[in-house]
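Listed below are the residues making up each chain.
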Amino acid sequence: MEISLFFVLLLAGIFHAESKYMVYDTSPKLVPGKINVHLVAHTHDDVGWLKTVDQYYVGSNNSIQGACVENVLDSMVPALLANKNRKFIYVEQAFFQRWWRDQSETIQDIVKQLVRSGQLEFINGGMCMHDEATTHYIDMIDQTTLGHRFLKKDFGVTPRIGWQIDPFGHSAVQAYLLGAAVGFDALYFGRIDYQDREKRKGEKSLEVVWQASRNFDASAQIFAGAFPENYEPPPGGFYFEVNDDSPIVQDNVNLFDYNVQDRVNDFVAAAVSQANITRTNHIMWTMGTDFKYQYAHSWFRQMDKLIHYVNKDGRVNALYSTPSIYTDAKFATNKSWPIKTDDFFPYADRANGYWTGYFTSRPAIKYYVRMMSGYYLAARQLEFFKGRGDSGPTTDALADALAIAQHHDAVTGTEKQHVANDYAKRLSMGYDKAEELVAASLACLAESKTSAGCGNPTTKFQQCALLNISYCPPSEIDLSHGKKLIVVVYNSLGWKRNDVIRIPVINGDVIVHDSNGKVIESQILPLANAHVSMRNYYVKAYLGKTPIEAPKYWLAFSVSVPPLGFSTYTISRAEGTASTLITSSVFTPQATETSTVEVGQGNLKLTFSADVGKMTHYTNSRSSVKESVQLSYSFYTGNDGSDKDPQASGAYIFRPNHTLHIKPEEESPLTVMRGPLLDEVHQQINPWIYQVTRLYKGKEHAEVEFTVGPIPIDDGIGKEVASQITTTMATNKTFYTDSNGRDFIKRIRDYRTDWDLKVNQPVAGNYYPINLGIYIQDDKKELSVLVDRSVGGSSLVDGQIELMLHRRLLHDDSRGVAEALNETVCIQDKCTGLTIQGKFYFRIDPLGEGAKWRRSAGQEIYSPFLLAFTEEDGGNWMSSHVPIFSGIEPSYSLPDNIALITLQELDDGKVLLRLAHLYEIGEDKDLSVTSSVELKKLFPGKKIRKVTEMSLSANQEREEMEKKRLVWKAESSPRKPKLARGRPVDPAKLIVELAPMEIRTFVIEISSLPNRMPQDGRYAG
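Please read all numbers here as calculations on a predicted model, not as lab measurements.

**Things to note about the sheet that holds strand β1 (residues 36–41)**
Reading across from one edge, β8-β1-β9 is the order of the three strands in this open sheet, with parallel pairing throughout. Strands with a single pairing partner mark the edges of an open sheet, and in this sheet they are β8 (282–287) and β9 (317–321). In this sheet, neighbouring strand axes are inclined to one another by 30° on average, regardless of whether the strands run parallel or antiparallel. Summarising the sheet, β1 and β9 pair through five bridges and their orientation is parallel. From the neighbouring strand, valine 37 faces β9, where its bridge partner is alanine 318. Lying on the sheet, helix α10 (residues 296–313) is in contact with β1, β8 and β9; it crosses β9 at an angle near 145°. Seen against the sheet, helix α11 (residues 323–332) touches β1, β8 and β9 and runs at an angle of roughly 170° to β8.

Written out as structure tokens, the structure is:
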């Protein structure tokens, strides 16, 4: 009875205790001599992954993942207002801009004040946190520019810090180009190889000065830090979302489970542990992870308490911080830092967990992104030439779709299938708008014969988005009764381009005239049955209709197109027997032990063995290069995760079990087509691989078109299909791959520069991302291979290059997507595995001479001709329209080593111009030199009023950016000579100089002069 009474009195005391409001001291201060723990409140919001970007934003489809970015941003504002010391960083502008547009003017004013006070800081600042392996540098620049210019316009801020915390490995281009060149003072990331991380922990070298490119001096280096584990809170239970299971700080002495000292001890232990692997007395805690802060107060309440009680304890110092504050604190210590060169590829998180499968995963999406990227570049040029109006179609929707597609779970192929569909849908919708703009711009330019300008053009141009699968309705028309097909060929490159184009036609008796009415060389090739069947199936699947009639032929003809301009060609029915002169000869060589077939119209000849159906020799009579060459295919059987290490091959991970070589079908002999413009060799490698090898007249490289799929899985085994080019070259384990289409980096098989590699996966661990190309060399020759999309590749055997082309897998690899990489295409209820059609290109040069082809052909692959079609009944198109157009001065073209990568009219009427030098120092004896571009000749008929050089992302003046960037000390750094760099632009001469690998960005103010029509008929104003 006495015990019961005691408890009653005790509980009464507890429940009737006086309530007192607690004020936590969170004032920010840095304490010398103590460990300073910088608490960085952040949320990592994937712009699509398990849910689509819109589902993530509004919080729908929560059966997959409970995530709502709108809640994060809504709750962030009052949480920051509740305590002026609280800070929060935000990254993904694709989400923030959606939210910003929906806010009232009052909320917008509050947010602007939070930004001005430093409580809210924008980090990274691009539309998404782009991938670094499967992205092209132009796309990385474009998506970053889109976000950075918004932040400058609406908030007047320029982000200082790169925050690439989730991409699966990190590229050299990210460091020196998307880091230093955009004005970042530091770059932080989460994922590096597990072996590398452990070594760096022991050496306290997780934070480095990253000198990523040998083409630049210290001005391009950046302070870079890898997190000790990941981008989440440290071990010890510091997750504070409403439903997280970490213990909160219970500091009410009147309630049960009081634990302040326990939580302080946990905090101090975690801080000391991290300080032991970090230089200086400053450490950063990433307080957040994927889609956290949906109820922001739940995090900030606990961090308020931790800061208060930890600082009261006094063993370490805690404060609200941001990566900028942390970076400034590190810089203020005046320490020297270890040097890092090259990149952080490939990435493995455990012995059998190499994240090298995603270099190839979803190759159709990768190709779609790459094609839309080149199209967007051309469309912006045409938008500028026509003039950006207040109404009508624009390139904006395509810009947004492309920006989102660079996300590290988009172009990577690591998203769920319904999300991949959403990315493709957005690209398609963006393309539709841009296609309208391109058609209107070309019509405007073609009809502007006089100085009256565009007016209301009547020409209706059509384009062919599915030309890659032989489907082009505008070219598949009956040309009887005098009807003509008009083909306008636009060249977005800065130099004149001579090449061969191919379009499907239904008649073989056609003839092609150029703009002067001259008959030009052309060739008819029969359309292969394999291409017809794929065309019909995929048109039905994608468009929901069966083509009425399949074209019987490809029409190939030579074109010559001026820089940043178009040429016009007319196709009509041939009279008499003229068409017989251009029809390809088709034959099937008889397979005997000694039978060989040689193809090639010019200097390059390829020899095939008819009996085994393989290429055997490569001969270039001009360069005297001769080499034994074989093309082959194989597939890796994907590990299903059933052995003692349950790691399966999947969307992210490449873990092969066995390699099976594919022998060409004996019953399917070679088919050879010859003609005046090109030769083709067709091979049915097996029932699901078809190959065409092409050699064009006047070209010294081979084009290999592959069709792979549907990959069979009837045996219950996933397969990863690769192609090999094998030579006798002695390459000593060494090969070179590009970094996002820019620098080439030396790779050595089974070797890492930064640590002694323990080889666990001899295939997957030697795969690298390829966006432009890969090459090998010996003491006499070099073999270069260029690609049409991002792929994974390697040199697993001396003298051989391997590319992964397609993957179809049946098991999830346990990295979060929870879905097998098993892409299918369905017609009604019947689904088959996805078929991929693509191309790679190869060439062998004398040692030291391959760069010229890699760089020039690489630009042509990235920026293919843009084709537009219209019909004409009677009349004379060439006399009533502008048949040849160049947007630059008629006699001018860019130097061979300079590319124009951005020409865009901005919303304020100014022009955004980017020029890129294509060569590295010492890469080519002729072209690795400083070159010049004359702006007056780039803008004929325009008065250039002002030229302002900008940072790479065009959000601040370059001079201002360089003055304020932090200059870091590096340990034992050999003093780099100051490398050449283009001089400032003289406002009178208006000449831009570019040194090797330099990219320069300008905002130009122009005004129009009266349009001038040169006497040769070329429009130039």
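There's plenty left to go through after this.
**What to know about α10**
Over its 18 residues, α10 extends 26 Å from the first C-alpha to the last, a length consistent with the 26 Å expected when each residue adds 1.5 Å. In terms of residue burial, α10 counts as a mostly covered element, since 14 of its 18 residues are buried. The first or second residue beyond α10 is glycine 314, which carries a positive phi of 90°.

**Brief notes about the packing of helix α3 (residues 69–81) against α10**
Viewed as axis vectors pointing N to C, α3 and α10 meet at an angle of 30°, and their least axial separation amounts to 8 Å. The pairing of α3 with α10 is recorded here as roughly parallel in orientation. Residue-level contacts link Ser75, Met76, Ala79 and Leu80 of α3 to Ala296, His297 and Phe300 of α10. Among the residues forming the contact of α3 with α10, the class breakdown is five nonpolar, two polar and no charged.

**Points about unusual backbone geometry**
Omega for the bond connecting phenylalanine 345 with proline 346 falls within 30 degrees of zero, at -10°, which places this linkage in the cis form. Backbone torsion omega between glycine 709 and proline 710 reads -10°, so that peptide bond is classified as cis. With respect to the secondary-structure elements, proline 710 resides in the loop between β28 (702–708) and β29 (719–726). The backbone of threonine 280 sits at a positive phi, close to 70°, despite the residue not being glycine. Mapping threonine 280 onto the fold places it in the loop between α9 (260–275) and β8.

**Details of the state of the cysteines**
Chemically, a disulfide is nothing more than a covalent bond linking the sulfur atoms of two cysteines. Taken as a whole and judged by the stated rule, the model has two disulfides. Paired by a disulfide, cysteine 464 and cysteine 472 hold their sulfur atoms 1.9 Å apart. Handedness of the cysteine 464-cysteine 472 disulfide follows from its S-S torsion of about 55°: it is right-handed. Each member of the pair, cysteine 464 together with cysteine 472, is buried. Sulfur-sulfur distance for the disulfide between cysteine 826 and cysteine 831 comes to 1.9 Å.

**Examining the pairing of strand β48 (residues 999–1008)**
Most of β48 is tucked away: seven of the ten residues are buried. Here strand β43 (residues 911–917) pairs with β48 via six bridges, running antiparallel. For arginine 914, the partnering residue across the bridge sits in β48 and is threonine 1001. Relative to β48, strand β45 (residues 942–950) runs antiparallel, the two sharing eight bridges. Looking at β48, one finds that lysine 942 is bridged to serine 1008.

Definitions and limits used
Residues numbered from 1 in each chain as written. Predicted model: local features only at pLDDT ≥ 70, side-chain atom pairs only at ≥ 80, totals over all residues. Heavy atoms only, no water. Pairing = 2+ DSSP bridges. Helix = DSSP H or I, 4+ residues; strand = E, 2+ residues; numbered from the N terminus. Axes fitted to C-alpha atoms, helices over the stretch in contact; angles between N-to-C directions. Contact = heavy atoms within 4.5 Å. Expected span 1.5 Å × (residues − 1). Buried < 20%, exposed > 50% of the residue type's maximum accessible area, 1.4 Å probe, protein only. Parallel < 35°, antiparallel > 145°, perpendicular 65-115°, else oblique. Nonpolar A, V, L, I, M, F, W, Y, C, P; charged D, E, K, R; others polar. Disulfide = S-S within 2.5 Å.

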